[in-house]
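Below, each chain spelled out in residue letters.
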Amino acid sequence: MKLVRFSVPGATPEPAPGPGGARFGWVRGHEVVSFERASTVRGGTPPELAGVEAWLAALPGSLVLARSVAQSYGDAAADSALAAVRIHPPVPRPPALFDFGLSPRHLRRSALTLIRHEWGPIARACLVPWLALAERRLRRSAAMPYYKGNHNAVIGDGDSMGWPAYTSYLDIEPELAVIAGTESMPIAGYTILNDASARDVQMPEMFGSGPARSKDFDHSKGLGPFLVTPDEIPDPLVLDVRVRVGERFDWHGSTREYTKTPEDVIRHLRKILSVLPGTVVGMGTIPDCTGLDHDTWIRPGEGISIHFDRLGTLHQQVPAAPANRSASRWRSRRDLGEEATTASMPSA
């Protein structure tokens, strides 16, 4: 199933929206149907379908129930056309967010860009062979490093990313995200994650405690548009990806470059901690689909669309850049109205 949390702008809520002001339902062709509306044929909404949190906690039985409700309802009246609703994050309050780095080619390409901006083109040229070797080793490695993201920074389809005042180089990171289920059904489904990043403050953090200011700012975790159950995605590692940035960039990638499977990452986490239902787990950035991979950068006001086969399209908006931005550690950006000077590039 393709599950969705949605609201109908300007409509009288009938049926009434659930927790967080959103209805919980499924996508039926070009329409959306809430479980509350569909459950009228059963005399009331089962508690397992009252919202996505209840659905996640009751897996796998709640998935069987959801299918049964949808089948019983058939093609009766929908809540709305899909194009007319506001889509909310599929998991509004994840208990945790973890992000793996399982795409070695992105790690190599992004490292080359960071090195050029931090230490110059000569350092970049000198480190090309070493980074190529590191990429090959990562492809063979059993290691699965991850960082802990800000699970309170989730935004949804059509929302604006945050742009903190300490960065001039805001970027996107399209990823396949796994939504954790229960012990009986470890993977509840999949969605798209946009892990927005402040690139000009990232490098010092990579040599310290890991991503912090570069990743954890407000409104930095785009999630959506749907929660797609595993039966809809027989192989999540064969999905084509397309990213459009305004009218300027059209990037293409694939989940084929991940070195581990979603089952691998969930098993790995469960060896370390209790993975609660609704936990969001990013697999890693899709190569060729970020500004860092290409050393080209998004601009204020641009629209971003991130499309994954079978998962849909996550739309994000680039906000206006803060007027009170701090001086960047990197070169000033003329396209942001900054004076054309070279940053002093301090070590932190």
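Residues numbered from 1 in each chain as written. Predicted model: local features only at pLDDT ≥ 70, side-chain atom pairs only at ≥ 80, totals over all residues. Heavy atoms only, no water.

Enquirer: What exactly am I supposed to notice about a nonpolar patch on the surface here?
Expert: On the surface, a nonpolar cluster with roughly 380 Å² of combined accessible area is contributed by Trp119, Met206 and Phe207. Positionally, Phe207 belongs in the loop between α6 (202-206) and β13 (221-228). For Phe207, a relative accessible area of 62% corresponds to the exposed category. (Patch = residues over 30% accessible without salt bridge, like charges linked within 9 Å, V, L, I, M, F, W, Y side chains within 5 Å. Areas by Shrake-Rupley, 256 points an atom, 1.4 Å probe, with all protein chains shown as cover. Salt bridge = Lys/Arg side-chain N within 4 Å of Asp/Glu carboxyl O. Helix = DSSP H or I, 4+ residues; strand = E, 2+ residues; numbered from the N terminus. Buried < 20%, exposed > 50% of the residue type's maximum accessible area, 1.4 Å probe, protein only.)

Enquirer: Is there a simple way to explain the packing of aromatic side chains in this structure?
Expert: Given two aromatic rings, their pairing is described by the distance between the two centres and the angle made by the two planes. In total, this model carries 10 aromatic pairs according to the counting rule given. Ring plane angle 65° and centroid distance 6.1 Å describe the contact between Trp297 and Trp330, whose orientation is recorded as edge-to-face. Of this pair, Trp297 sits in the loop between α8 (291-294) and β17 (303-308) while Trp330 is found in the segment after β18 (312-317), placing the two residues 33 residues apart along the sequence. One exposure class covers both Trp297 and Trp330, and it is buried. What links up through ring pairs into an aromatic cluster is the set Phe24, Trp26, Phe35 and Trp55. Here Arg213 stacks its cationic end above the ring of Tyr166, 4.6 Å away from the centre of that ring. Sitting over the ring of Tyr169, Arg333 keeps its end group 5.5 Å from the ring centre. (Phe/Tyr/Trp six-rings, centres within 6.5 Å; stacked < 30°, edge-to-face > 60°. Lys NZ or Arg CZ within 6 Å of the ring centre and 35° of its normal.)

Enquirer: Help me out: how do you make sense of the side chain of Arg325 in this one?
Expert: As for its position among the elements, Arg325 is in the segment after β18. Separated by 2.9 Å, the side chain of Arg325 and the backbone oxygen of Pro322 make a polar contact. A polar atom in the side chain of Arg325 sits 3.5 Å from the backbone oxygen of Leu336. Dropping the residues within four chain positions of it, Arg325 is found in contact with Trp163, Ala165, Thr167, Ser168, Leu336 and Glu338. (Polar contact = N/O pair within 3.5 Å; in protein donor to acceptor, adjacent residues only side chain to side chain. Contact = heavy atoms within 4.5 Å.)

Enquirer: Looking at this structure, how should I read the sheet that holds β18?
Expert: Hydrogen bonds along the backbone pair up the strands of a sheet, which may run parallel or antiparallel. The four strands are arranged β15-β14-β17-β18 in an open sheet whose pairing can be described as antiparallel. The open sheet has two edge strands, β15 (249-254) and β18, and neither has a second partner. Sheet twist, expressed as the mean angle between neighbouring strand axes with direction ignored, is 15°. (Pairing = 2+ DSSP bridges. Axes fitted to C-alpha atoms, helices over the stretch in contact; angles between N-to-C directions.)

Enquirer: How do you make sense of the packing of helix α4 (residues 104-119) against helix α5 (residues 121-140) when you look at a structure like this?
Expert: To describe two helices that pack against each other, one gives the angle between their axes and the distance between the axes. With their axes 9 Å apart at the nearest point, α4 and α5 run at an angle of 160° to one another. Between α4 and α5, the angle falls in the class roughly antiparallel. Handedness of the crossing formed by α4 with α5: right-handed. Contacts from Pro104, Arg105, Leu107, Arg108, Ala111, Leu112, Ile115, Arg116 and Trp119 of α4 reach α5 at Pro121, Ala123, Arg124, Leu127, Val128, Leu131, Ala132, Glu135, Leu138 and Arg139. Residues that form the contact of α4 with α5 fall into these classes: 13 nonpolar, no polar and six charged. (Parallel < 35°, antiparallel > 145°, perpendicular 65-115°, else oblique. Left-handed = near helix turned anticlockwise from the far one by under 90°. Nonpolar A, V, L, I, M, F, W, Y, C, P; charged D, E, K, R; others polar.)

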